[in-house]
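Notes for the structure review
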Amino acid sequence: MEQNRGTWSSRFGFLMAAVGSAVGLGNLWKFPYLAGENGGGAFVLVYIVLIVLLGFTLMLAEMTIGRHANSDAYGSYNKIKKGWGFVGGFGVLAGFLILSYYSVVGGWVLKYIVASFTGIGADKSGYFSNFISSPVEPIIYHLIFMGLTAIIVIRGISGGIEKAAKLLMPALFVLLVITVLRSVTLDGAMEGIRYFIMPDFSEITLKVVIAALGQVFFSLSLGMGIMVTYGSYLSKDEDLEKDAFLIPSLDSLVAILAGFALLPAVFAFGFEPGEGPGLMFITLPAVFEEMPLGMLFSGLFFLLVFFAALSSSISLMEVTVAFGIDQFKWSRKASTIFFTTLMFVIGIGASLSMGAWSDFLIPWIDGNSYGIFDFLDVFTSYYLLPAGGLLGALFIGYVWGVPNAVKEIKMGSAFRTEKLWTVLIKFVVPVLVFIILLSTTGLLDKIIG
Ligand code: PHE
């Protein structure tokens, strides 16, 4: 029975699960290197603008749909309007593809927990590229990460991981702050701080906007129905507006702190800000070397990054597994094993594309060709998730209707930003995301000339 789906044991439990999904490799690994590749402060500025315009708006939208329909992502859309379940279906595909390569990076983090103690050597950059391009070792770590995610998902989420997250997320936060303090006080850090917080407006190009948009969706776990599902377990007196403000704020805070932990150090040590996916793995070990008990700090830090990644990967896998259970009537175990195997195999390709298979390129509609790893990243962050978000906004604005959504929100609290939210969800979000999506495919170029 619907009434028996259960609710969160406490508001804190819900917040931790939502924050657990949102805060992960997106904040700690991806955000700093995207900032480094896209003009530093220019990227950060665009990112913050998009969080304010889109992040809060869509977070509230997804939670509201879920709480109203009281079902999973696919079921919630379908229940409110028959035939719209496919929006949830988008999310299943996105979750499946994201986890395939997310797990590879999760494996890198595992390796670095070990490497913190066994030693990384002087050539941090060489160590990293040697490791990720080797044919076997990264795949073993990828298997371990995927396996751990699967075990937790088979057991039915919450319980242990929720308890662990309550402890580990705050611990991560503390360690992150310590790392920031070390990084910003390094000799020569000032240049990096300036790079990170002073936007050079001439650097704000279409590419930067596209990168920031994809990152907003990725980092907030938006556009694939996770927040719909989590919202469905909320009670009617929950203040959705407040939650939709709190979660993106915390998520962005962690991302910005990660930027402060890395970029000043990048400049202090003379690394390249545009280093790409290796930025965290190359820079952090160098920062920890400058600290007393550096090995210990490093091991602990990567361990906490690992837990943040795990609480995100669980939410990613849950979407896919729940789909197998609901649509094909599989058992939880069968569904988990089936999808885990598929994701693991795709992940092998992603891992090998860093080395042995680096010549295998997939041509894409934007005119570029991508290796498997990059393709999975680009296709999900820049197409699938924004498309899911766009459809979600259109769904509320024009299918379900804003007044109905507002009524749902007001069941729990006053809705202070009702007028603003109405304008954002009906007009600003759809138009903005649509334009960026078009320009991402390169169509805008052709249309405008
Ligand atoms: N938000 C997670 C992170 O930042 C990744 C994620 C994306 C999780 C999409 C769920 C859905 O690491």
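Before reading on, note that the structure itself is shown above.
Below is a summary of the structure that appears in this document. (Residues numbered from 1 in each chain as written. Predicted model: local features only at pLDDT ≥ 70, side-chain atom pairs only at ≥ 80, totals over all residues. Heavy atoms only, no water.)

**Quick look at the side chain of Glu-62**
With respect to the helices and strands, the residue Glu-62 is situated in helix H3 (residues 41-69). Exposure remark for Glu-62: the relative accessible area of 5% places this residue in the buried category. Leaving out residues up to four positions away in the same chain, Glu-62 has contacts with Leu-222, Gly-223, Met-224, Gly-225, Ile-226, Met-227 and Val-228. (Helix = DSSP H or I, 4+ residues; strand = E, 2+ residues; numbered from the N terminus. Buried < 20%, exposed > 50% of the residue type's maximum accessible area, 1.4 Å probe, protein only. Contact = heavy atoms within 4.5 Å.)

**Describing the pattern of salt bridges**
Applying the stated rule across the entire model yields 9 salt bridges. Between Arg-67 and Glu-408 there is a salt bridge, with its nearest N and O atoms 2.8 Å apart. You can see Arg-67 sitting in helix H3 and its partner Glu-408 sitting in helix H16 (residues 372-410), a full 341 residues away along the chain. The class of Glu-408 is buried, set by a relative accessible area of 3%. A salt bridge links Lys-111 to Glu-137, with the nearest nitrogen and oxygen atoms 2.8 Å apart. Of the two residues, Lys-111 is situated in helix H5 (residues 85-118) and Glu-137 in helix H7 (residues 137-154); the sequence distance between them amounts to 26 residues. The exposure class assigned to Glu-137 is partly exposed, which follows from its relative accessible area of 32%. Salt bridges sharing partners connect three or more residues here, namely Arg-67, Lys-236 and Glu-408. (Salt bridge = Lys/Arg side-chain N within 4 Å of Asp/Glu carboxyl O.)

**Things to note about helix H12 (residues 240-269)**
Under the 1.5 Å per step criterion, the end-to-end length of H12 is 44 Å for 30 residues, consistent within 8% with the ideal 44 Å. A positive backbone phi angle near 75 degrees is found at Gly-270, which sits one or two residues after H12. (Expected span 1.5 Å × (residues − 1).)

**Description of the packing of H5 against H16**
Following both chains from N to C, one finds H5 and H16 inclined at 150 degrees, their axes separated by 9 Å at the closest point. Looking at the two axes, H5 sits roughly antiparallel to H16. The element H5 and its partner H16 pack so that their crossing is left-handed. Residues Phe-86, Val-87, Phe-90, Leu-93, Ala-94, Leu-97, Ile-98, Ser-100, Tyr-101, Val-104, Val-105 and Trp-108 of H5 form the contact with H16, whose own contacting residues are Phe-373, Leu-376, Asp-377, Phe-379, Thr-380, Ser-381, Leu-384, Leu-385, Ala-387, Gly-388, Leu-391 and Gly-392. (Axes fitted to C-alpha atoms, helices over the stretch in contact; angles between N-to-C directions. Parallel < 35°, antiparallel > 145°, perpendicular 65-115°, else oblique. Left-handed = near helix turned anticlockwise from the far one by under 90°.)

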